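Given next are the chains, with one letter for each unit.
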Amino acid sequence: MAKEKFETKLESAKKILETLMDPEITLENSVKAYEKGMTELNNAQKILEDAQIKIQKIKTGQ
């Protein structure tokens, strides 16, 4: 499976947020959407942290 881009994860999280803001969403669907949204945000955070580590290594010449 190809690694998704940071921007893709953020866009997915934004769409999920829009879903959660729908006043017609059921409790069950809102919980599922919340879980998926948190997973997307956690994955985006991991991608960002990996990029920061790479940048730090470049700066320090490692």
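Check the entry above for the structure.
Residues numbered from 1 in each chain as written. Predicted model: local features only at pLDDT ≥ 70, side-chain atom pairs only at ≥ 80, totals over all residues. Heavy atoms only, no water.

Novice: How would you summarise helix α2 (residues 27–60) if you had to cite specific residues and measurements?
Specialist: Since the α-helix advances by 3.6 residues per turn, residues separated by three or four positions end up pointing in the same direction. In this model, α2 (34 residues) spans 49 Å end to end at C-alpha, consistent with the 50 Å of a helix rising 1.5 Å per residue. Summarising the contacts, the buried residues of α2 are in contact with α1 (6–20). Immediately beyond the C-terminal end of α2, within one or two residues, lies glycine 61, with a positive phi of roughly 75°. (Helix = DSSP H or I, 4+ residues; strand = E, 2+ residues; numbered from the N terminus. Expected span 1.5 Å × (residues − 1). Contact = heavy atoms within 4.5 Å.)

Novice: Account for the side chain of glutamate 40, with residues named and values stated.
Specialist: Of note, glutamate 40 is situated in helix α2. Setting aside chain neighbours within four positions, we find glutamate 40 in contact with Lys9, Ser12, Ala13 and Ile16.

Novice: Now, about the pattern of salt bridges: what can you tell me, with residues and values included?
Specialist: Per the counting criterion, the structure on display carries 3 salt bridges. For lysine 9, the salt bridge goes to glutamate 40, with nearest N and O atoms at 3.6 Å. Here lysine 9 is found in helix α1, whereas its partner glutamate 40 is found in helix α2, with 31 residues between them in sequence. The two residues lysine 9 and glutamate 40 agree in class, both being buried. Measuring nitrogen to oxygen at the nearest pair gives 2.9 Å for the salt bridge that ties aspartate 50 to lysine 46. Residue aspartate 50 and its partner lysine 46 are both found in helix α2; the two are separated by 4 residues, about one turn of the helix. The partly exposed category is assigned to lysine 46, whose relative accessible area is 46%. (Salt bridge = Lys/Arg side-chain N within 4 Å of Asp/Glu carboxyl O. Buried < 20%, exposed > 50% of the residue type's maximum accessible area, 1.4 Å probe, protein only.)

Novice: If you had to explain a nonpolar patch on the surface to someone new, which residues and values would you point to?
Specialist: A cluster of nonpolar side chains, Leu10, Tyr34, Met38 and Leu41, forms an exposed patch at the surface whose accessible area comes to about 350 Å². No other element matches α2, which puts 3 residues into the nonpolar patch. With respect to the helices, strands and loops of the structure, methionine 38 is situated in helix α2. (Patch = residues over 30% accessible without salt bridge, like charges linked within 9 Å, V, L, I, M, F, W, Y side chains within 5 Å. Areas by Shrake-Rupley, 256 points an atom, 1.4 Å probe, with all protein chains shown as cover.)

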